[in-house]
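Residue-level structural notes
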Amino acid sequence: MDKIYTIGVIGGGVSGAVTALQLAKNGIESVLFEKEKSLVNGPPFCHLHAGGNLYPDISDEQAKVLMKQSIEMAKLFPQSIDVRPTFIGIPQSEKYAVETHIHRLKILVEHYKDLIKQDGSNKLLGDPEDYFTLYEKEALDKLKERPAVAFPKTTDEWLANAVKIIDYSTLKFPVIMVQEYGWNLFRLGAQAQLALEQTEKCRLKTDTSVTNIKDVRDQNLAHNWELDTDDEVYKVKYLVNSCGFKTGAFDDALHLQSERLIEFKAAYVSKWEAATGLLPELIFHGERGTPHGMAQLTPYCEGYYQIHGMTKDITLFENGLIESKAGAMQPKFSEDIEQKLAAGWTKQDINKRTENAIAFVSKFIPSFSSAVVAGPPLYGAQQIPGDDPSLRVGEVSFPQKSYARSEIVKASSALTVAQQIIEKMHEETLTSVVDTSIGENPLLKRISKSAIDHRASEFAVQRGYPAPLAQLLIERED
Ligand SMILES: Cc1cc2nc3c(=O)[nH]c(=O)nc-3n(C[C@H](O)[C@H](O)[C@H](O)COP(=O)(O)OP(=O)(O)OC[C@H]3O[C@@H](n4cnc5c(N)ncnc54)[C@H](O)[C@@H]3O)c2cc1C
């Protein structure tokens, strides 16, 4: 009780965990509270949005920021990145024009070149000229005749495996292959937790909920906040609220005004023995929220596939997107969604939605209809600051002295937010050193691949998922 921490971080999702890691890198002492048993255990992520190509509706500016932030996060957590490309097809029935997409891709190539010019270590997505490749129908017909490759190396090899199973007769041409990679949340969580367990600069309190915050800033004490947990009261000088979709709960407690949307979504786990070798991620664009929303098939090891379908009976939910109201900064979901968040899913719900998802993907990949349900969904609620549901780059705000509120939308924004918090603490003269270099974090660097493999598969199994979901398709050296 007498100890005063420089900073208290509430919430050990990707944002809180990366903040604690960057603080420790700068020699700043923190206490990190996570109510679950392990870190990065909130809403899932599987795709490194290095260009925002899954979001045709976002601005070029947001797409560029997503690319930069994704590269920065990939540098920090290389063992969580699955280096396999993404296939993008646009059905003929959809409003999206391939030309618009190509225009965006060209802008991204120039942006990627600039990033490499600024720092050679940014070259994580291959050569800029190979960032995307276009294929006409005749090229797909030829690739289809090639033998399957168990472990594809070139973009052509990845696509040759994919075209053997895709019904591309209904797609617009050209189709696109882009260097947006997979992102493994179990591996990122494992590396972050192992690194934080080994540093004296962070007191890691998993399985610990912060139940109340007391503002003592006007009492002229050596600390500004008192954080209640079941076992102890913690004193901190600076407070970071990185509670994910629950961020508004502490805004309500502190009588702070803020506007936000929160959205509940789920992705489904299936198993399927594909006739070909490894597949790229497969995207079939469609208008979000309509019965023909985007379909996304994400490959994992040993024949596991994760499915998103941006329709209301697959990934999205009736009343799944809700907003804060005057006097209630923390929105509240319907009973059914709150029940899923608190107690998990019924077997019936798991089967129904996963089967919907399998049928949805089978429209584009007919043989996928033989896939089976292979685990509970990966699900959760995420936050979107403000009132624009299409925002994909989240942010940090500093509504009061010594208080930061992190509201990232995509996991890739976590490092930017952490750096902004450290700069703000410096402005408030709470820290003397500020290392704004984004590069490596020595605490993460010293964690071995085998330690990550082991801890990540423990996380998957403890959370009820098949262990192969914690492995990369394409193994990386230590
Ligand atoms: C279905 C789905 C798919 C997604 N796919 C992608 C993707 O492919 N790529 C991508 O970049 N992003 C994706 N996202 C978004 C991504 O999941 C979020 O951006 C990210 O998880 C947000 O991280 P966070 O740390 O801000 O919040 P969270 O991960 O929600 O972390 C907040 C943490 O705070 C803890 N907490 C809350 N209250 C308290 C308290 N009182 N005391 C202690 N702890 C508390 C919670 O337990 C939680 O662990 C997806 C989201 C969903 C729902």
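Placed above this text is the structure.
These notes cover the structure that comes with them. All values reported here derive from a predicted model rather than from experimental measurement.

The subject of this paragraph is the site of the ligand. Surveying the vicinity of the ligand reveals 34 residues, the closest of which are E34, P44, H47, V409 and A411. Taking V14, its main chain carries an N or O atom lying 3.1 Å from an oxygen atom of the ligand. Between the ligand and S15, the relevant distance is 2.9 Å, taken from an oxygen atom to a main-chain nitrogen or oxygen of the residue. For the ligand, whose free accessible area comes to 1,000 Å², the fraction covered by protein is 95%. For the shell around the ligand, the secondary structure elements donating two or more residues are α1 (14-25), β12 (260-271) and β18 (378-385). Ranked by residue count, the leading element in the shell around the ligand is β18, at three residues.

To continue, consider the pairing of strand β13 (residues 281-284). Taking every second residue as pointing to the same face, both faces of β13 are buried, with E281 and I283 on one and L282 and F284 on the other. Across four bridges, strand β4 (residues 86-89) lies against β13 in parallel orientation. Residue pairing for β13: F87 is matched across the bridge by L282. With three bridges joining them, β13 and strand β14 (residues 295-299) adopt antiparallel strand pairing.

The next point concerns the packing of aromatic side chains. All chains considered together, the criterion is met by 19 aromatic pairs. Look at F264 and F333: their rings are 6.3 Å apart centre to centre, the planes differ by 70 degrees, and that puts the pair in the edge-to-face class. Linking F264 in strand β12 with F333 in the loop between β16 (321-323) and α8 (335-343), this pair joins segments that are 69 residues apart in sequence. Like F264, the residue F333 is buried in the burial classification. Among the aromatic residues, those joined into a cluster by ring pairs are F245, F264, Y268, F317, F333, W345 and Y379. Here K340 stacks its cationic end above the ring of W345, 4.9 Å away from the centre of that ring.

Turning next to helix α5 (residues 155-163). Extensive coverage of α5 is indicated by the burial of seven of its nine residues. All buried positions along α5 are accounted for by T155, W158, L159, A160, N161, A162 and V163.

For the rest of this paragraph, the subject is the environment of E197. Inspection of the secondary structure puts E197 in helix α6 (residues 185-197). The sequence separation of E197 and P331 amounts to 134 residues, and the corresponding C-alpha distance is 34 Å. Those residues in contact with E197, other than ones at most four positions away along the chain, are L204 and R455. Looking at E197, its side chain comes within polar contact range of the side chain of R455, at 3.0 Å.

If charged atoms from side chains of opposite charge come close, those side chains can pair. Within the structure shown, the criterion is met by 28 salt bridges. With a closest N to O distance of 4.0 Å, E226 and K214 form a salt bridge. Taken together, the residues span a long stretch of sequence, with E226 in strand β10 (residues 225-228) and K214 in strand β9 (residues 212-215) at a distance of 12 residues. The exposure class of E226 is buried, given its relative accessible area of 14%. Classification of K214 by relative accessible area gives partly exposed; the value is 47%. D336 is the partner of K340 in a salt bridge, and the nearest nitrogen-oxygen pair spans 3.3 Å. Taken together, the positions of K340 and D336, both in helix α8 and four residues apart, correspond to about one turn of that helix. Relative accessible area serves as the criterion here: at 4%, K340 is assigned to the buried category. Judged by its relative accessible area of 42%, D336 falls in the partly exposed class. Members of the salt-bridge network, linked through shared partners, are R187, K449, D453 and E475.

The next point concerns the pairing of β12. Taking burial as the measure, the 12 residues of β12 include 11 buried ones, the bulk of the element. For β12 and β18, the ladder comprises eight bridges, and the chain directions are antiparallel. Across the sheet, residue A267 finds its bridge partner in β18, namely L378. Inspection of the sheet shows β12 paired to β16 by three bridges, in the antiparallel sense.

Before going further, it helps to examine unusual backbone geometry. Note the cis peptide between F173 and P174, where omega equals 0 degrees. Inspection of the secondary structure assignment puts P174 in the loop between α5 and β6 (175-178). Positive phi values are uncommon outside glycine, yet D207 reaches one of about 60 degrees. On the secondary structure map, D207 appears in the loop between β8 (202-205) and β9. Positive phi, normally seen in glycine, also occurs at N319, with a value near 55 degrees.

This part is about a negative patch on the surface. A contiguous patch of negative charge, built from E259, E323, D387 and D388, is present on the exposed surface. By the secondary structure assignment, E259 is in the loop between α7 (247-253) and β12.

So, on to the side chain of S15. With respect to the helices and strands, S15 occurs in helix α1. Within the structure, S15 has its side chain in polar contact with the side chain of S406 (distance 2.7 Å). Beyond its immediate chain neighbours, meaning those up to four positions away, S15 contacts S242, S406, I408, A414 and V417.

With that settled, the discussion passes to helix α2 (residues 60-76). Here α2 contains 17 residues, and its C-alpha end-to-end distance of 25 Å stays within 8% of the 24 Å for a straight helix at 1.5 Å per residue. Taking burial as the measure, the 17 residues of α2 include 12 buried ones, the bulk of the element. Residues Q62, A63, L66, M67, Q69, S70, I71, E72, M73, A74, K75 and L76 constitute the buried set of α2.

Turning next to the packing of α1 against α6. Where α1 meets α6, the closest approach of the two axes is 10 Å, and the angle between their N-to-C directions is 35 degrees. With respect to the hand of their crossing, α1 and α6 are arranged in left-handed fashion. Of α6, the residues touching α1 (which contributes V14, A17, A20 and L21) are L188, A192, A195 and L196. When the residues that make up the contact of α1 with α6 are grouped by side-chain class, the tally is eight nonpolar, no polar and no charged.

Conventions we followed
- Residues numbered from 1 in each chain as written.
- Predicted model: local features only at pLDDT ≥ 70, side-chain atom pairs only at ≥ 80, totals over all residues.
- Heavy atoms only, no water.
- Near = heavy atom within 4 Å.
- Polar contact = N/O pair within 3.5 Å; in protein donor to acceptor, adjacent residues only side chain to side chain.
- Areas by Shrake-Rupley, 256 points an atom, 1.4 Å probe, with all protein chains shown as cover.
- Helix = DSSP H or I, 4+ residues; strand = E, 2+ residues; numbered from the N terminus.
- Buried < 20%, exposed > 50% of the residue type's maximum accessible area, 1.4 Å probe, protein only.
- Pairing = 2+ DSSP bridges.
- Phe/Tyr/Trp six-rings, centres within 6.5 Å; stacked < 30°, edge-to-face > 60°.
- Lys NZ or Arg CZ within 6 Å of the ring centre and 35° of its normal.
- Contact = heavy atoms within 4.5 Å.
- Salt bridge = Lys/Arg side-chain N within 4 Å of Asp/Glu carboxyl O.
- Patch = residues over 30% accessible without salt bridge, like charges linked within 9 Å, V, L, I, M, F, W, Y side chains within 5 Å.
- Lys, Arg positive; Asp, Glu negative; His and termini not counted.
- Charge placed at Lys NZ, Arg CZ, Asp CG, Glu CD.
- Expected span 1.5 Å × (residues − 1).
- Axes fitted to C-alpha atoms, helices over the stretch in contact; angles between N-to-C directions.
- Left-handed = near helix turned anticlockwise from the far one by under 90°.
- Nonpolar A, V, L, I, M, F, W, Y, C, P; charged D, E, K, R; others polar.

The analysis is restricted to geometry; functional conclusions fall outside its scope.
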